[in-house]
Every structure is written in C-alpha cells, then in structure tokens.
Amino acid sequence: MADDPVGVVAAEAELLRRIDTSVPHIARVYDFLLGGRDNFAVDREAGARAADANPALLQGVLGNRAFLARAVRCLATECGIRQFLDIGTGIPAAANTHEVAQQAAPGSRVVYVDNDPIVLVHARALLTGGSGPIAYLEADVRDTARLLGAAAATLDFAEPIAVMMILLLHCVPDSDDPWALVRELMDAVPAGSYLAITHPTSDFHPQYADEMVSRLNEMMPRQLTFRPREQVLAFFDGLELAEPGLVRAPQWRPDSRGTAANPAQLWAGVARKP
C-alpha cells in the first residue's frame, strides 16, 4: 500500500464515506469515554448520557484497559503465548495489545479485528513500530469463518493463540448465540491456547447499570446486552479458568497501583484450552 499513495488516499476516502456519523457506534463511544478524539457529536452525547446514569463508568473503562494490559502481560510472560487474536479491538488507545505483548515478548504476532470503518482509518498508526507481525482485519465476530481465514495469513494456527474478547460480547445479542461464536473460535485454535473476556453486567449495581444500558440502547442501532455471571461463565465451558477465576475485572491479579479499587462493573476471566 505504501507504494501506491493514490490508492491509499482513495481507500481511506471510501472508508470515511462509509462511517455513519448520524448514530453512535460503541467503538467511538468507548473512545470518547477514554478521553480520545476519534468520535463524533452523537457518540459524545451517548457517552455523556451513559456516564450521567452510571457514576462508575468513566473509571470503569480505564479499569477495563488496565485488565487488558495485565492479561496480555500474563499471557506473554507466564503462559508463553506469542500470538494474539484481538477481536473488537476498537480505536487505538494506550497500552494496545501488540505494545504490551511485544514489550513482554518481542516478536509476538498480533491480529486486530473490528467492524467499524473508523478503526481501519487509524490502523496505519497501530500497525507501525512493532517488533513482530501486526495485522488488522475489518470483520465481524459473527462471521467466524471469514475472520479465522483472514487471521491465518498472520497467525500460525498450529501454535497456541490467545483470543482476546475484551468488552465485545455484550455487543452480540442472544439471538446471534454468542456462546456458539466463542466455541467456534476456540475450536479453531490448538490446545494450550487461551481465551480472555471482559463483559459488563448489572450484577453489582443494577440501579446504575440498567439505566446506563437503557440510555445507550435508546440511541444505538446495535443493542447491548449486559449479562449475569452465570451467562458469562458459560463462555468458558470446556476451558480451564486461570486463577483467580471469573471475578470483577479489577480483582483479576491486581497490581500494586491500586488496581483492585477501580469500580469497573465487569466480569473478567482468562482460561486455557486443555
């Protein structure tokens, strides 16, 4: 692509044309909540309404990012993982998967997947400067065959892979059977692979979480589903949960920087495929 600057500009123009700025998108709302600038007025309105409903939201999204970094670091250093499939990666922020993984284990391979065109627009910044192969796929988690086929161009599916589904599965309604999608993905990776998930829930503070998701769903075409612990635990069926199991995200192997005090209302877990 670097050899065809005219083609690059045309491709980016086409991607920008496809971005619908009339309705909020979860990746752009999340970017706003993290303090990013790659969002539009409608995303900021949705994010502000959600934060007004749930006073823990702004700190909670930071807690989610902190879990991502801890999980990737653990997978690279303690579990020996050198390949990461990050699905629903969102707009680049601090401590992206490849940065944490390649700092811990230089040469690690990372494939990012997202279905929002704006993420692809920013992919070039994400794809530079790594010590190992990095790729980005514009794909939907519900099309697992296409996703896995494209990821195989960068990842070796004969070797263990960490499948990262961080704040993703609440975007998949029950009618699309997210549990079956997770099984399909984990069936495609070899023994010794891992699954990492964070998932929002109403289990901790239903009065805040229910109002927050209601406000978001009033504005967003793609509805969100907050799930209780037993439904999140079912995503790990057939896998071996690493200690400390499925817990509130800040309580998953907290570091010395006060991580456990973060108010994130998320279930989080990492599990190994036997």
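Since this is a predicted model, take the numbers as computed values, not measurements.

Calculation rules
Residues numbered from 1 in each chain as written. Predicted model: local features only at pLDDT ≥ 70, side-chain atom pairs only at ≥ 80, totals over all residues. Heavy atoms only, no water. Salt bridge = Lys/Arg side-chain N within 4 Å of Asp/Glu carboxyl O. Helix = DSSP H or I, 4+ residues; strand = E, 2+ residues; numbered from the N terminus. Phe/Tyr/Trp six-rings, centres within 6.5 Å; stacked < 30°, edge-to-face > 60°. Buried < 20%, exposed > 50% of the residue type's maximum accessible area, 1.4 Å probe, protein only. Contact = heavy atoms within 4.5 Å. Core = buried A, V, L, I, M, F, W, Y, C linked by side-chain atoms within 4.5 Å.

Okay, the pattern of salt bridges next. Under the defined criterion, the tally for this structure stands at eleven salt bridges. Notably, a salt bridge pairs arginine 142 with aspartate 140, separated by 2.9 Å at the nearest N-O pair. Put simply, arginine 215 and glutamate 211 hold a salt bridge, and the shortest N to O gap is 2.8 Å. With arginine 215 and glutamate 211 both in helix H10 (residues 206-219), this residue pair falls four residues apart, about one helical turn. The network of salt bridges with shared partners includes Asp140, Arg142, Asp176 and Arg222.

Our next topic: unusual backbone geometry. In this chain, glutamate 243 is followed by proline 244 through a cis amide linkage whose omega measures 10°. Position of proline 244 among the secondary structure elements: in the loop between strand S6 (240-241) and strand S7 (247-248). The backbone of aspartate 177 sits at a positive phi, close to 50°, despite the residue not being glycine. Inspection of the secondary structure assignment puts aspartate 177 in the loop between strand S4 (162-166) and helix H9 (178-188). In the Ramachandran plot, arginine 253 falls in the positive-phi region, its phi being about 45° despite a non-glycine side chain. Position of arginine 253 relative to the elements: it lies in the loop between S7 and strand S8 (266-272).

One pass over the structure, following the stated rule, counts three aromatic pairs. An angle of 15° between the planes, with centres 5.3 Å apart, marks the rings of tryptophan 179 and phenylalanine 235 as stacked. Taken together, the positions of tryptophan 179 in helix H9 and phenylalanine 235 in the loop between helix H11 (229-233) and S6 put the pair 56 residues apart, joining distant regions of the chain. Using a relative accessible area of 17% as the deciding quantity, one classes tryptophan 179 as buried. By relative accessible area, phenylalanine 235 is classed as buried at 3%.

Moving on: the environment of asparagine 64. Here asparagine 64 shows up in helix H4 (residues 57-77). Of the residues examined, asparagine 64 reaches a relative accessible area of 2% and is grouped as buried. Counting along the chain gives 192 residues from asparagine 64 to serine 256, while the straight-line C-alpha distance between them is 16 Å. Excluding anything up to four places from it in sequence, asparagine 64 contacts Tyr30, Ile166, Leu167, Thr198 and Leu266.

Here we take up the nonpolar core. Core analysis: the biggest nonpolar cluster contains 53 residues, and Phe67, Leu75, Phe84, Met164 and Val270 have the highest contact counts within it. With ten residues, H4 is the largest single contributor of residues to this core. Filtering out sequence-adjacent residues up to four positions away, phenylalanine 67 remains in contact with Ile166, Ile197, Thr198, Ala249, Trp252, Ala268, Gly269 and Val270. Ranked by size, the runner-up nonpolar core spans 33 residues in total, among them Ala135, Leu155, Leu168 and Trp179.

Read these as layout, nothing more, since geometry by itself doesn't imply function.
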